[in-house]
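Letter by letter, the chains look like this.
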Number of protein chains: 2
Amino acid sequence: MTGQVRTVDGRVAGRRGQATRQKLLDCLSEMLSSSPYRDVKVIDVARRAGTSPATFYQYFPDVEGAVLEIADRMAADGSALTALVEGRSWAGKAGWQTAQELVDGFLEFWKKNDAILRVIDLGAAEGDKRFARIRAKILNSVNSSLADSVAELQSKGRVDKDLSPAAIAGSLVAMLAAVASHQKGASAWGVKQAELRPSLAVLVHLGITGRKPTR
Amino acid sequence: MTGQVRTVDGRVAGRRGQATRQKLLDCLSEMLSSSPYRDVKVIDVARRAGTSPATFYQYFPDVEGAVLEIADRMAADGSALTALVEGRSWAGKAGWQTAQELVDGFLEFWKKNDAILRVIDLGAAEGDKRFARIRAKILNSVNSSLADSVAELQSKGRVDKDLSPAAIAGSLVAMLAAVASHQKGASAWGVKQAELRPSLAVLVHLGITGRKPTR
DNA sequence: CACTTGTCCTGTCATGCCGTCAGCTTACCG
DNA sequence: CGGTAAGCTGACGGCATGACAGGACAAGTG
(Lines give C-alpha, C1' and ligand atoms only; values in the text may rest on other atoms or scores of the structure.)
Protein backbone atom coordinates (compact mmCIF):
# COMPACT_ATOMS: atom_id res chain seq x y z
CA MET A 1 0.00 0.00 0.00
CA THR A 2 2.57 2.58 1.08
CA GLY A 3 4.73 3.12 -1.98
CA GLN A 4 8.39 3.93 -1.66
CA VAL A 5 9.22 7.24 -0.07
CA ARG A 6 10.50 9.57 -2.73
CA THR A 7 12.26 12.91 -2.77
CA VAL A 8 10.85 15.83 -4.69
CA ASP A 9 13.26 15.21 -7.56
CA GLY A 10 12.30 11.57 -7.87
CA ARG A 11 15.04 9.68 -6.04
CA VAL A 12 14.10 6.91 -3.66
CA ALA A 13 14.97 7.72 -0.08
CA GLY A 14 17.23 5.30 1.75
CA ARG A 15 17.56 4.62 5.46
CA ARG A 16 19.43 7.77 6.33
CA GLY A 17 17.24 9.89 4.14
CA GLN A 18 14.06 8.63 5.73
CA ALA A 19 15.50 9.41 9.14
CA THR A 20 16.14 13.08 8.29
CA ARG A 21 12.77 13.29 6.62
CA GLN A 22 11.15 11.99 9.76
CA LYS A 23 13.16 14.36 11.91
CA LEU A 24 11.95 17.26 9.81
CA LEU A 25 8.35 16.12 10.30
CA ASP A 26 8.87 15.82 14.05
CA CYS A 27 10.38 19.27 14.29
CA LEU A 28 7.58 20.71 12.19
CA SER A 29 5.10 19.15 14.60
CA GLU A 30 6.82 20.82 17.53
CA MET A 31 6.88 24.16 15.75
CA LEU A 32 3.16 23.91 15.07
CA SER A 33 2.54 23.41 18.78
CA SER A 34 4.64 26.32 19.86
CA SER A 35 3.96 29.04 17.32
CA PRO A 36 1.09 30.27 15.16
CA TYR A 37 0.68 28.40 11.87
CA ARG A 38 1.17 31.59 9.96
CA ASP A 39 4.61 32.10 11.46
CA VAL A 40 6.04 28.64 10.91
CA LYS A 41 8.94 29.07 8.48
CA VAL A 42 10.93 26.45 6.63
CA ILE A 43 14.18 27.86 7.88
CA ASP A 44 13.15 27.47 11.51
CA VAL A 45 12.13 23.87 11.02
CA ALA A 46 15.40 23.12 9.25
CA ARG A 47 17.50 24.83 11.91
CA ARG A 48 15.75 22.95 14.68
CA ALA A 49 16.38 19.68 12.85
CA GLY A 50 20.05 20.58 12.55
CA THR A 51 19.98 20.80 8.79
CA SER A 52 19.47 23.35 6.03
CA PRO A 53 16.39 24.70 4.23
CA ALA A 54 17.59 23.07 1.01
CA THR A 55 17.26 19.68 2.65
CA PHE A 56 13.69 20.41 3.62
CA TYR A 57 12.79 21.23 0.04
CA GLN A 58 14.29 17.96 -1.08
CA TYR A 59 11.61 16.06 0.78
CA PHE A 60 8.61 18.37 0.74
CA PRO A 61 7.28 20.87 -1.79
CA ASP A 62 6.50 23.38 0.98
CA VAL A 63 5.29 23.67 4.56
CA GLU A 64 1.77 22.77 3.59
CA GLY A 65 2.96 19.61 1.87
CA ALA A 66 4.73 18.46 5.01
CA VAL A 67 1.71 19.31 7.13
CA LEU A 68 -0.46 17.15 4.91
CA GLU A 69 1.92 14.28 5.49
CA ILE A 70 1.70 14.65 9.27
CA ALA A 71 -2.06 14.94 9.03
CA ASP A 72 -2.29 11.81 6.93
CA ARG A 73 -0.43 9.74 9.48
CA MET A 74 -2.53 11.07 12.32
CA ALA A 75 -5.66 10.26 10.37
CA ALA A 76 -4.57 6.65 10.18
CA ASP A 77 -3.88 6.68 13.91
CA GLY A 78 -7.21 8.42 14.49
CA SER A 79 -9.18 5.42 13.40
CA ALA A 80 -8.63 4.40 17.01
CA LEU A 81 -11.62 6.62 17.67
CA THR A 82 -13.81 4.03 15.98
CA ALA A 83 -13.38 1.76 18.97
CA LEU A 84 -15.22 4.34 21.07
CA VAL A 85 -18.52 3.76 19.29
CA GLU A 86 -18.32 0.52 17.33
CA GLY A 87 -20.63 -2.12 18.73
CA ARG A 88 -21.55 -0.05 21.79
CA SER A 89 -25.04 -0.02 23.22
CA TRP A 90 -27.07 3.16 23.65
CA ALA A 91 -29.68 1.60 25.93
CA GLY A 92 -30.09 2.37 29.63
CA LYS A 93 -27.01 2.69 31.80
CA ALA A 94 -24.80 1.28 29.08
CA GLY A 95 -25.84 4.19 26.88
CA TRP A 96 -24.68 6.70 29.47
CA GLN A 97 -21.42 4.83 29.72
CA THR A 98 -21.02 4.90 25.93
CA ALA A 99 -21.65 8.64 25.79
CA GLN A 100 -19.14 9.36 28.52
CA GLU A 101 -16.42 7.24 26.99
CA LEU A 102 -16.99 8.79 23.59
CA VAL A 103 -16.57 12.27 25.02
CA ASP A 104 -13.50 11.29 27.01
CA GLY A 105 -11.86 9.61 24.05
CA PHE A 106 -12.54 12.58 21.84
CA LEU A 107 -11.18 15.17 24.25
CA GLU A 108 -8.15 13.01 24.87
CA PHE A 109 -7.40 12.53 21.19
CA TRP A 110 -7.77 16.23 20.52
CA LYS A 111 -5.59 17.23 23.41
CA LYS A 112 -2.87 14.95 22.13
CA ASN A 113 -3.00 16.24 18.55
CA ASP A 114 -4.39 19.73 18.94
CA ALA A 115 -1.80 21.56 16.86
CA ILE A 116 -2.16 19.51 13.70
CA LEU A 117 -5.92 19.23 14.09
CA ARG A 118 -6.20 23.02 14.20
CA VAL A 119 -4.41 23.27 10.90
CA ILE A 120 -6.52 20.55 9.31
CA ASP A 121 -9.65 22.32 10.45
CA LEU A 122 -8.47 25.61 9.00
CA GLY A 123 -7.52 24.04 5.69
CA ALA A 124 -10.86 22.27 5.43
CA ALA A 125 -12.78 25.43 6.31
CA GLU A 126 -10.81 27.35 3.68
CA GLY A 127 -12.05 24.88 1.10
CA ASP A 128 -8.88 22.90 0.50
CA LYS A 129 -10.12 19.48 -0.56
CA ARG A 130 -7.03 17.62 0.59
CA PHE A 131 -7.55 18.83 4.15
CA ALA A 132 -11.29 18.29 3.91
CA ARG A 133 -10.69 14.67 2.93
CA ILE A 134 -8.39 14.08 5.87
CA ARG A 135 -10.83 15.73 8.27
CA ALA A 136 -13.63 13.56 6.90
CA LYS A 137 -11.49 10.47 7.30
CA ILE A 138 -10.93 11.19 10.98
CA LEU A 139 -14.48 12.18 11.81
CA ASN A 140 -16.18 9.61 9.60
CA SER A 141 -14.88 6.77 11.68
CA VAL A 142 -17.05 8.04 14.52
CA ASN A 143 -19.64 9.68 12.34
CA SER A 144 -20.90 6.74 10.35
CA SER A 145 -21.07 4.56 13.41
CA LEU A 146 -23.15 7.15 15.26
CA ALA A 147 -25.37 7.61 12.22
CA ASP A 148 -26.07 3.88 12.25
CA SER A 149 -27.15 4.07 15.86
CA VAL A 150 -29.45 6.99 15.09
CA ALA A 151 -30.97 5.15 12.13
CA GLU A 152 -31.59 2.11 14.30
CA LEU A 153 -33.32 4.16 16.98
CA GLN A 154 -35.32 5.89 14.27
CA SER A 155 -36.75 2.55 13.19
CA LYS A 156 -37.89 2.05 16.77
CA GLY A 157 -39.67 5.37 16.65
CA ARG A 158 -37.46 7.00 19.26
CA VAL A 159 -36.12 9.60 16.91
CA ASP A 160 -37.93 11.72 14.35
CA LYS A 161 -37.90 9.84 11.06
CA ASP A 162 -37.53 12.75 8.71
CA LEU A 163 -34.22 13.78 10.19
CA SER A 164 -31.03 12.72 8.45
CA PRO A 165 -29.01 10.41 10.72
CA ALA A 166 -25.81 11.57 9.07
CA ALA A 167 -26.66 15.21 9.76
CA ILE A 168 -27.37 14.54 13.43
CA ALA A 169 -24.23 12.50 13.87
CA GLY A 170 -22.17 15.02 11.93
CA SER A 171 -23.41 17.90 14.06
CA LEU A 172 -22.65 16.11 17.30
CA VAL A 173 -19.19 15.14 16.12
CA ALA A 174 -18.56 18.71 15.01
CA MET A 175 -19.57 19.85 18.47
CA LEU A 176 -17.13 17.48 20.11
CA ALA A 177 -14.35 18.58 17.80
CA ALA A 178 -15.06 22.27 18.33
CA VAL A 179 -15.24 22.08 22.11
CA ALA A 180 -12.15 19.90 22.18
CA SER A 181 -10.14 22.36 20.16
CA HIS A 182 -11.08 25.22 22.47
CA GLN A 183 -10.95 23.32 25.73
CA LYS A 184 -7.80 25.13 26.82
CA GLY A 185 -9.60 28.43 26.59
CA ALA A 186 -12.82 27.21 28.16
CA SER A 187 -12.23 29.21 31.30
CA ALA A 188 -12.15 32.33 29.13
CA TRP A 189 -15.87 32.00 28.58
CA GLY A 190 -16.59 31.13 32.19
CA VAL A 191 -16.71 27.36 32.15
CA LYS A 192 -14.53 25.01 34.13
CA GLN A 193 -12.88 22.14 32.32
CA ALA A 194 -14.48 19.55 34.57
CA GLU A 195 -17.96 20.84 33.81
CA LEU A 196 -17.46 20.28 30.13
CA ARG A 197 -17.30 16.49 30.09
CA PRO A 198 -20.64 15.66 31.68
CA SER A 199 -22.44 18.35 29.73
CA LEU A 200 -21.11 17.06 26.44
CA ALA A 201 -21.99 13.50 27.38
CA VAL A 202 -25.57 14.48 28.16
CA LEU A 203 -25.89 16.38 24.89
CA VAL A 204 -24.53 13.46 22.89
CA HIS A 205 -26.84 11.04 24.63
CA LEU A 206 -29.81 13.30 24.08
CA GLY A 207 -28.95 13.77 20.44
CA ILE A 208 -28.50 10.11 19.65
CA THR A 209 -31.31 8.57 21.70
CA GLY A 210 -33.68 11.51 22.13
CA ARG A 211 -33.79 10.84 25.87
CA LYS A 212 -31.99 11.94 28.98
CA PRO A 213 -29.45 9.41 30.20
CA THR A 214 -30.33 7.09 33.09
CA ARG A 215 -27.33 7.10 35.35
CA MET B 1 -15.47 55.92 23.84
CA THR B 2 -13.81 55.46 20.50
CA GLY B 3 -10.58 57.42 20.77
CA GLN B 4 -9.09 59.16 17.78
CA VAL B 5 -7.76 56.90 15.06
CA ARG B 6 -3.99 57.04 15.12
CA THR B 7 -1.21 55.94 12.84
CA VAL B 8 1.56 53.70 14.11
CA ASP B 9 3.89 56.66 14.54
CA GLY B 10 1.39 58.64 16.54
CA ARG B 11 -0.22 60.98 14.05
CA VAL B 12 -3.95 61.49 14.16
CA ALA B 13 -5.61 60.28 10.99
CA GLY B 14 -7.66 62.80 9.06
CA ARG B 15 -10.41 62.25 6.55
CA ARG B 16 -8.18 61.07 3.73
CA GLY B 17 -6.11 58.90 6.00
CA GLN B 18 -9.14 57.15 7.42
CA ALA B 19 -10.37 56.45 3.92
CA THR B 20 -7.10 54.77 2.93
CA ARG B 21 -7.07 52.87 6.17
CA GLN B 22 -10.58 51.64 5.51
CA LYS B 23 -9.72 50.69 1.96
CA LEU B 24 -6.83 48.61 3.22
CA LEU B 25 -9.15 46.85 5.65
CA ASP B 26 -11.67 46.16 2.89
CA CYS B 27 -9.03 44.75 0.59
CA LEU B 28 -7.63 42.61 3.37
CA SER B 29 -11.12 41.24 3.93
CA GLU B 30 -11.38 40.29 0.28
CA MET B 31 -7.97 38.66 0.33
CA LEU B 32 -8.95 36.59 3.34
CA SER B 33 -11.97 35.30 1.45
CA SER B 34 -10.05 34.35 -1.64
CA SER B 35 -6.79 32.91 -0.40
CA PRO B 36 -5.50 30.88 2.55
CA TYR B 37 -4.67 32.95 5.64
CA ARG B 38 -1.10 31.75 5.52
CA ASP B 39 -0.61 33.20 2.05
CA VAL B 40 -2.06 36.66 2.63
CA LYS B 41 0.84 39.09 2.16
CA VAL B 42 1.03 42.77 2.98
CA ILE B 43 2.22 43.59 -0.50
CA ASP B 44 -0.81 41.96 -2.11
CA VAL B 45 -3.20 43.89 0.10
CA ALA B 46 -1.40 47.13 -0.63
CA ARG B 47 -1.34 46.51 -4.38
CA ARG B 48 -5.03 45.72 -4.45
CA ALA B 49 -5.75 48.92 -2.55
CA GLY B 50 -3.70 50.86 -5.09
CA THR B 51 -1.09 51.92 -2.57
CA SER B 52 2.28 50.82 -1.25
CA PRO B 53 3.33 48.44 1.53
CA ALA B 54 4.82 51.33 3.47
CA THR B 55 1.37 52.87 3.71
CA PHE B 56 -0.01 49.68 5.18
CA TYR B 57 2.60 49.74 7.92
CA GLN B 58 1.69 53.29 8.72
CA TYR B 59 -1.75 52.19 9.87
CA PHE B 60 -1.21 48.65 11.15
CA PRO B 61 1.67 46.93 12.93
CA ASP B 62 1.26 43.83 10.76
CA VAL B 63 -1.35 41.66 9.05
CA GLU B 64 -2.50 40.22 12.35
CA GLY B 65 -3.07 43.69 13.74
CA ALA B 66 -5.30 44.61 10.84
CA VAL B 67 -7.17 41.33 11.14
CA LEU B 68 -7.86 42.08 14.79
CA GLU B 69 -9.35 45.38 13.76
CA ILE B 70 -11.69 43.74 11.25
CA ALA B 71 -12.61 41.14 13.82
CA ASP B 72 -13.36 43.79 16.40
CA ARG B 73 -15.79 45.60 14.16
CA MET B 74 -17.53 42.38 13.23
CA ALA B 75 -17.84 41.47 16.89
CA ALA B 76 -19.71 44.70 17.48
CA ASP B 77 -21.96 43.94 14.54
CA GLY B 78 -22.33 40.36 15.77
CA SER B 79 -24.24 41.43 18.82
CA ALA B 80 -27.14 41.27 16.38
CA LEU B 81 -27.12 37.57 17.25
CA THR B 82 -28.40 38.48 20.69
CA ALA B 83 -31.76 39.31 19.17
CA LEU B 84 -32.12 35.65 18.19
CA VAL B 85 -32.39 34.47 21.77
CA GLU B 86 -33.14 37.43 23.99
CA GLY B 87 -36.60 37.24 25.49
CA ARG B 88 -37.61 34.21 23.44
CA SER B 89 -39.71 31.41 24.82
CA TRP B 90 -38.59 27.79 24.83
CA ALA B 91 -42.04 26.36 25.61
CA GLY B 92 -44.15 24.37 23.18
CA LYS B 93 -44.36 25.45 19.56
CA ALA B 94 -42.72 28.76 20.34
CA GLY B 95 -39.70 26.83 21.54
CA TRP B 96 -39.37 25.06 18.22
CA GLN B 97 -39.66 28.39 16.47
CA THR B 98 -36.94 29.85 18.66
CA ALA B 99 -34.60 26.96 17.96
CA GLN B 100 -35.12 27.22 14.23
CA GLU B 101 -34.57 30.95 14.11
CA LEU B 102 -31.45 30.66 16.23
CA VAL B 103 -29.98 28.10 13.84
CA ASP B 104 -30.93 30.12 10.79
CA GLY B 105 -29.49 33.30 12.19
CA PHE B 106 -26.28 31.59 13.12
CA LEU B 107 -25.73 29.94 9.75
CA GLU B 108 -26.55 33.19 8.01
CA PHE B 109 -24.15 35.22 10.12
CA TRP B 110 -21.39 32.72 9.57
CA LYS B 111 -21.93 32.53 5.86
CA LYS B 112 -21.65 36.29 5.65
CA ASN B 113 -18.44 36.52 7.69
CA ASP B 114 -16.87 33.11 7.21
CA ALA B 115 -13.40 34.28 6.25
CA ILE B 116 -12.75 36.46 9.28
CA LEU B 117 -14.47 34.04 11.62
CA ARG B 118 -12.14 31.26 10.47
CA VAL B 119 -9.15 33.37 11.38
CA ILE B 120 -10.60 34.33 14.76
CA ASP B 121 -11.26 30.69 15.52
CA LEU B 122 -7.72 29.75 14.59
CA GLY B 123 -6.21 32.50 16.68
CA ALA B 124 -8.33 31.59 19.67
CA ALA B 125 -7.48 27.90 19.33
CA GLU B 126 -3.79 28.78 19.14
CA GLY B 127 -4.11 30.46 22.50
CA ASP B 128 -3.95 34.10 21.43
CA LYS B 129 -5.91 35.93 24.10
CA ARG B 130 -6.85 38.83 21.88
CA PHE B 131 -8.62 36.52 19.46
CA ALA B 132 -10.09 34.49 22.28
CA ARG B 133 -11.61 37.64 23.73
CA ILE B 134 -13.21 38.59 20.45
CA ARG B 135 -14.55 35.09 19.93
CA ALA B 136 -16.00 35.15 23.43
CA LYS B 137 -17.57 38.52 22.76
CA ILE B 138 -19.39 37.18 19.70
CA LEU B 139 -20.48 33.90 21.21
CA ASN B 140 -21.27 35.25 24.67
CA SER B 141 -24.09 37.35 23.34
CA VAL B 142 -25.89 34.13 22.52
CA ASN B 143 -24.22 32.04 25.16
CA SER B 144 -25.25 33.83 28.29
CA SER B 145 -28.80 34.19 27.14
CA LEU B 146 -29.02 30.46 26.43
CA ALA B 147 -27.42 29.69 29.78
CA ASP B 148 -30.13 31.74 31.48
CA SER B 149 -32.80 29.70 29.74
CA VAL B 150 -31.15 26.47 30.84
CA ALA B 151 -30.86 27.69 34.42
CA GLU B 152 -34.52 28.62 34.42
CA LEU B 153 -35.57 25.21 33.14
CA GLN B 154 -33.28 23.62 35.71
CA SER B 155 -35.23 25.29 38.48
CA LYS B 156 -38.36 23.70 37.06
CA GLY B 157 -36.69 20.30 37.21
CA ARG B 158 -36.64 19.82 33.48
CA VAL B 159 -32.88 19.70 33.27
CA ASP B 160 -30.37 17.93 35.49
CA LYS B 161 -29.39 20.32 38.25
CA ASP B 162 -25.75 19.37 38.61
CA LEU B 163 -24.96 20.36 35.05
CA SER B 164 -23.42 23.75 34.39
CA PRO B 165 -25.79 25.90 32.30
CA ALA B 166 -22.82 27.76 30.85
CA ALA B 167 -21.18 24.52 29.77
CA ILE B 168 -24.33 23.29 28.03
CA ALA B 169 -24.92 26.59 26.30
CA GLY B 170 -21.25 26.87 25.35
CA SER B 171 -21.20 23.42 23.83
CA LEU B 172 -24.31 24.05 21.77
CA VAL B 173 -23.00 27.37 20.55
CA ALA B 174 -19.68 25.75 19.67
CA MET B 175 -21.61 23.17 17.67
CA LEU B 176 -23.45 25.84 15.74
CA ALA B 177 -20.22 27.68 15.04
CA ALA B 178 -18.40 24.55 13.93
CA VAL B 179 -21.12 23.30 11.63
CA ALA B 180 -21.56 26.79 10.22
CA SER B 181 -17.90 27.13 9.39
CA HIS B 182 -17.88 23.82 7.54
CA GLN B 183 -21.28 24.11 5.92
CA LYS B 184 -19.77 24.60 2.48
CA GLY B 185 -18.03 21.27 2.74
CA ALA B 186 -20.97 19.44 4.27
CA SER B 187 -21.56 17.43 1.13
CA ALA B 188 -18.04 16.08 1.47
CA TRP B 189 -19.14 14.06 4.46
CA GLY B 190 -22.38 12.98 2.84
CA VAL B 191 -24.89 15.45 4.22
CA LYS B 192 -27.03 17.83 2.22
CA GLN B 193 -27.15 21.47 3.30
CA ALA B 194 -30.92 21.40 3.72
CA GLU B 195 -30.73 18.47 6.14
CA LEU B 196 -28.46 20.41 8.42
CA ARG B 197 -30.86 23.07 9.58
CA PRO B 198 -33.62 20.92 11.07
CA SER B 199 -31.13 18.55 12.67
CA LEU B 200 -29.32 21.41 14.38
CA ALA B 201 -32.59 22.92 15.52
CA VAL B 202 -33.67 19.65 17.09
CA LEU B 203 -30.33 19.23 18.83
CA VAL B 204 -30.45 22.76 20.22
CA HIS B 205 -34.00 22.31 21.44
CA LEU B 206 -33.13 18.99 23.04
CA GLY B 207 -30.07 20.45 24.71
CA ILE B 208 -31.82 23.48 26.15
CA THR B 209 -35.15 22.01 27.19
CA GLY B 210 -34.31 18.33 27.54
CA ARG B 211 -37.30 17.46 25.37
CA LYS B 212 -38.05 16.87 21.72
CA PRO B 213 -39.70 19.83 20.06
CA THR B 214 -43.45 19.87 19.49
CA ARG B 215 -43.94 21.11 15.99
C1' DC C 1 42.44 -1.37 -2.12
C1' DA C 2 40.97 1.81 -5.74
C1' DC C 3 36.83 2.57 -8.33
C1' DT C 4 32.02 3.12 -9.24
C1' DT C 5 27.41 4.15 -8.07
C1' DG C 6 23.78 6.25 -6.03
C1' DT C 7 22.11 8.51 -1.88
C1' DC C 8 22.39 12.50 1.01
C1' DC C 9 23.40 17.05 2.24
C1' DT C 10 24.81 21.92 1.72
C1' DG C 11 26.77 26.40 -0.40
C1' DT C 12 25.25 29.58 -3.28
C1' DC C 13 22.34 32.32 -6.01
C1' DA C 14 18.27 34.91 -7.97
C1' DT C 15 14.02 36.38 -6.55
C1' DG C 16 10.65 38.46 -3.75
C1' DC C 17 8.52 39.92 0.65
C1' DC C 18 9.27 42.31 5.18
C1' DG C 19 9.53 46.34 7.88
C1' DT C 20 11.75 50.96 8.41
C1' DC C 21 13.31 55.60 7.28
C1' DA C 22 14.04 59.94 5.26
C1' DG C 23 12.01 62.93 2.46
C1' DC C 24 8.71 64.58 -0.85
C1' DT C 25 3.87 66.10 -1.72
C1' DT C 26 -0.58 67.59 -0.29
C1' DA C 27 -4.07 69.75 2.59
C1' DC C 28 -5.40 72.85 6.10
C1' DC C 29 -5.25 77.26 8.69
C1' DG C 30 -4.28 81.82 10.24
C1' DC D 1 1.40 83.19 1.45
C1' DG D 2 4.08 80.81 4.74
C1' DG D 3 3.89 77.38 8.50
C1' DT D 4 2.56 73.00 10.14
C1' DA D 5 0.99 68.53 10.20
C1' DA D 6 -0.92 64.70 7.47
C1' DG D 7 -0.26 61.47 3.77
C1' DC D 8 2.39 58.78 0.80
C1' DT D 9 6.35 56.41 -1.38
C1' DG D 10 11.19 55.12 -3.06
C1' DA D 11 14.78 52.84 -1.46
C1' DC D 12 17.28 49.81 1.48
C1' DG D 13 19.13 46.04 4.57
C1' DG D 14 17.51 41.72 6.04
C1' DC D 15 15.51 37.38 5.66
C1' DA D 16 12.68 33.44 3.49
C1' DT D 17 12.01 30.95 -0.69
C1' DG D 18 13.06 27.64 -4.05
C1' DA D 19 16.44 25.82 -7.54
C1' DC D 20 20.85 23.89 -8.80
C1' DA D 21 25.31 21.86 -9.00
C1' DG D 22 28.60 19.72 -6.66
C1' DG D 23 30.86 17.63 -2.50
C1' DA D 24 30.59 14.00 1.31
C1' DC D 25 29.55 9.55 2.38
C1' DA D 26 28.28 4.58 2.46
C1' DA D 27 27.99 0.30 -0.01
C1' DG D 28 28.95 -2.70 -3.39
C1' DT D 29 32.46 -4.40 -7.24
C1' DG D 30 36.58 -6.06 -9.54
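These numbers were taken from a predicted model, which means no experiment stands behind them. Once a new chain begins, its residue numbering starts again from 1 and follows that chain's sequence as written. Labels are handed out in written order, letters beginning with A for the chains and numbers beginning with 1 for the ligands. Reporting in this predicted model follows two pLDDT cut-offs: at least 70 for local features of residues, and 80 or more for side-chain atom pairs to be given and counted; totals over whole chains, interfaces and linings ignore these cut-offs and use all residues. Only hydrogens and water are removed before side-chain values are computed, so all heavy atoms of the structure are retained for them.

Before going further, it helps to spend a moment on the pattern of salt bridges. Any two side chains of opposite charge can pair, on the condition that their charged atoms come close. All names here are of chain B. We define a salt bridge as a side-chain nitrogen of Lys or Arg found within 4 Å of a carboxyl oxygen belonging to Asp or Glu. What the rule picks out here adds up to 25 salt bridges over all chains. One salt bridge in this structure joins R21 and E69, with 2.8 Å as the shortest N-O distance. Placement of the pair is R21 in helix α1 (residues 15-34) and E69 in helix α4 (residues 63-77), with a sequence separation of 48 residues. Relative accessibility decides the category of a residue: with a 1.4 Å probe and only protein chains considered, values under 20% of the type maximum give buried, values over 50% give exposed, and everything between is partly exposed. Residue E69 is classed as partly exposed on the basis of its relative accessible area of 24%. A run of H or I in DSSP counts as a helix once it spans at least four residues, and a run of E counts as a strand once it spans at least two, with each numbered from the N terminus.

Looking now at the protein's contact with DNA strand C. In the region of DNA strand C, 21 residues are neighbours, and G14(A), T20(A), T51(A), Y59(A) and Y57(B) sit closest. It suffices for a single heavy atom of a residue to lie within 4 Å of a molecule or strand for the residue to be listed as near it. When the atoms of DNA strand C within 4 Å of the protein are sorted by group, sugar and phosphate make up 69%. N or O atoms within 3.5 Å of each other form a polar contact, as long as, within protein, one can give a hydrogen and the other can take it, and as long as residues adjacent in sequence are counted only when both atoms are side-chain atoms. Note that a phosphate oxygen of DNA strand C is positioned 3.0 Å from one of the side-chain N or O atoms of T20(A). The contact in question runs from a phosphate oxygen of DNA strand C to an N or O atom on the backbone of I43(B), over 3.2 Å. Lys, Arg, Asp and Glu make up the charged group, whereas Ala, Val, Leu, Ile, Met, Phe, Trp, Tyr, Cys and Pro make up the nonpolar group; the residues left over, Gly among them, are polar. Counted by class, the surface near DNA strand C contains eight nonpolar, seven polar and six charged residues.

The next thing to look at is the nonpolar core. Residue types Ala, Val, Leu, Ile, Met, Phe, Trp, Tyr and Cys, when buried and joined through side-chain atoms within 4.5 Å, form a set referred to as a nonpolar core. Counting residues in hydrophobic clusters, the biggest one holds 148 residues, and the most contacted among them are L102(A), I138(A), L102(B), F106(B) and I138(B). Two residues qualify as a contact provided that any one of their heavy atoms is within 4.5 Å of a heavy atom in the partner residue. In contact with I138(A), other than residues within four places in its own chain, are M74(A), A75(A), L81(A), F109(A), L117(A) and I120(A).

The next point concerns the environment of S149(A). Relative to the assigned elements, S149(A) resides in helix α7 (residues 129-155). For S149(A), the residues in contact, after removing those within four places along its chain, are W90(A) and I208(A).

To continue, consider helix α6 (residues 114-125) of chain A. Given a helix with a known number of residues, its expected span is that number minus one, times 1.5 Å. Between its first and last C-alpha atoms α6(A) spans 16 Å; for 12 residues at 1.5 Å apiece the expected length is 16 Å, and the two agree. With respect to burial, α6(A) is a largely interior element, 10 of its 12 residues being buried. Inspection of α6(A) places A115(A), I116(A), L117(A), R118(A), V119(A), I120(A), L122(A), G123(A), A124(A) and A125(A) among the buried residues, and these make up the whole buried set. Next to the buried residues of α6(A) lie α1 (15-34), α4 (63-77), α5 (92-112) and α7 of chain A together with α6 (114-125) and α8 (165-181) of chain B. Looking one or two residues beyond α6(A), the residue adopting positive phi is G127(A), at roughly 95°.

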